Amino acid sequence: QVRLVESGGGSVQAGGSLRLACVASGYTYGMYCVGWFRQTPGEEREAVAAIQPSAGASYYSPSVKGRFTISADNAQNTVILQMNNLKPEDSAVYYCAASRSLAACLSPGSYNYWGQGTQVTVAS
């Protein structure tokens, strides 16, 4: 019923920037949180940033605060993650997720809908 599609990943040098987009389709009404998470092989999925589209409130992992910016275009059902000053440790598959539940927006367990991910690779 709900599909999330990420785009914008790629390979950049350290210090570079990427702009990720998450486009939601289907019945998207009532999404309380939309978040970006990342995961590398053998590691837990890690919260990056999240936003409450209806309120515009945003949340960031300390590791990306000041470098990444999350925003929402509600009319186009799109959430953007602008990533600046990328570091090699930012390399991961980045996933978009959405939840209709009133829960912690930086907790992966709060989310019911997930995209397939987009690869981000940052070279040192």
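None of the values given here were measured: they were computed from a predicted structure.

Colleague: Which residues make up the state of the cysteines, and what are the values?
Modeller: Across all of its chains, the model carries two disulfides by this definition. At a sulfur-sulfur separation of 1.9 Å, the disulfide partner of Cys22 is Cys96. Torsion about the S-S bond of the Cys22 and Cys96 cystine: about -75 degrees, corresponding to left-handed handedness. Here Cys22, found in strand 3 (residues 18-26), pairs with Cys96, found in strand 9 (residues 92-99); they are 74 residues apart in sequence, far enough to count as distant. Comparing Cys22 with Cys96 shows no difference in burial state: the two are buried. The disulfide partner of Cys33 is Cys105, and the S-S distance across this bridge is 1.7 Å. Of this pair, Cys33 sits in strand 4 (residues 33-39) while Cys105 sits in the loop between strand 9 and strand 10 (113-114), and the two are 72 residues apart along the sequence. Residue class for Cys33 comes out buried when judged on its relative accessible area of 1%.

Colleague: Just give me the short version of the nonpolar core, but keep the residues and values in it.
Modeller: One finds Trp36, Val48, Phe68, Ile70, Leu81, Met83 and Tyr94 to be the most contacted residues of the largest nonpolar core, which totals 27 residues. For this core, the secondary structure elements donating two or more residues are strand 1 (2-7), strand 3, strand 4, strand 5 (46-52), strand 7 (68-73), strand 8 (78-83), strand 9 and strand 11 (118-123). For Leu81, the residues in contact, after removing those within four places along its chain, are Leu18, Arg19, Leu20, Trp36, Val48, Ala49, Phe68, Thr69, Ile70 and Tyr94. Ranked by size, the runner-up nonpolar core spans seven residues in total, among them Ala50, Ala97, Cys105 and Tyr111.

About the cut-offs
Residues numbered from 1 in each chain as written. Predicted model: local features only at pLDDT ≥ 70, side-chain atom pairs only at ≥ 80, totals over all residues. Heavy atoms only, no water. Disulfide = S-S within 2.5 Å. Helix = DSSP H or I, 4+ residues; strand = E, 2+ residues; numbered from the N terminus. Buried < 20%, exposed > 50% of the residue type's maximum accessible area, 1.4 Å probe, protein only. Core = buried A, V, L, I, M, F, W, Y, C linked by side-chain atoms within 4.5 Å. Contact = heavy atoms within 4.5 Å.

Honestly, that's just the spatial picture; any functional story needs more than this.
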